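The lines below spell out each chain.
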Amino acid sequence: MTEFSADQIEDFKEAFGLFDRVGDSQVAYNQVADIMRALGQNPTNKDVTKILGSPSADDMANKRLNFDAFLPMLKEVDALQKGTYDDYVEGLRVFDKEGNGTVMGAELRIVLSTLGEKMTEAEIDALMAGQEDENGSVHYEAFVKHIMSV
């Protein structure tokens, strides 16, 4: 499992504190995924739910945890296998019917909204902004570079 440096832990603690809306040095369970993403991780909601011990919707809204409980969870997420640039390109290549390095933007939007961890229309619009050419095609290698830099 990953060991973080003292400087990293201090930065994480500071970011964690920004999510404390009550002032009790704790955050709600339903904020944990957002904090992890703010700290550069990209866990799925399913990963976070599992790490939190599969809490009920009520627990997600009402249960709180402190930084000392959060840090081991962050380490667990950091240790999860992450997709590489090549993994994502290969996954999108399946939709490249003409073999020219592009996929139809409309088809990509449908995939993002219906498969895996489904995205909302607003999330898709934000992700796709400026990615489609005049024909409605998306150059998926550039798209993956864009996603991985966000």
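Residues numbered from 1 in each chain as written. Predicted model: local features only at pLDDT ≥ 70, side-chain atom pairs only at ≥ 80, totals over all residues. Heavy atoms only, no water.

## A word on the side chain of Thr-102
And then number 1: Mapped onto the secondary structure, Thr-102 falls in strand E3 (residues 102-104).
And then number 2: Classification of Thr-102 as buried rests on a relative accessible area of 12%.
And then number 3: Side chain to side chain, Thr-102 and Asn-100 meet in a polar contact 2.7 Å long.
And then number 4: Those residues in contact with Thr-102, other than ones at most four positions away along the chain, are Asp-96, Ser-137, Val-138, His-139 and Tyr-140. (Helix = DSSP H or I, 4+ residues; strand = E, 2+ residues; numbered from the N terminus. Buried < 20%, exposed > 50% of the residue type's maximum accessible area, 1.4 Å probe, protein only. Polar contact = N/O pair within 3.5 Å; in protein donor to acceptor, adjacent residues only side chain to side chain. Contact = heavy atoms within 4.5 Å.)

## Digging into the side chain of Lys-75
And then number 1: Note on placement: Lys-75 falls in helix H5 (residues 67-79).
And then number 2: For Lys-75, a relative accessible area of 16% gives the class buried.
And then number 3: A polar side-chain atom of Lys-75 sits 3.4 Å from a polar atom in the side chain of Glu-3.

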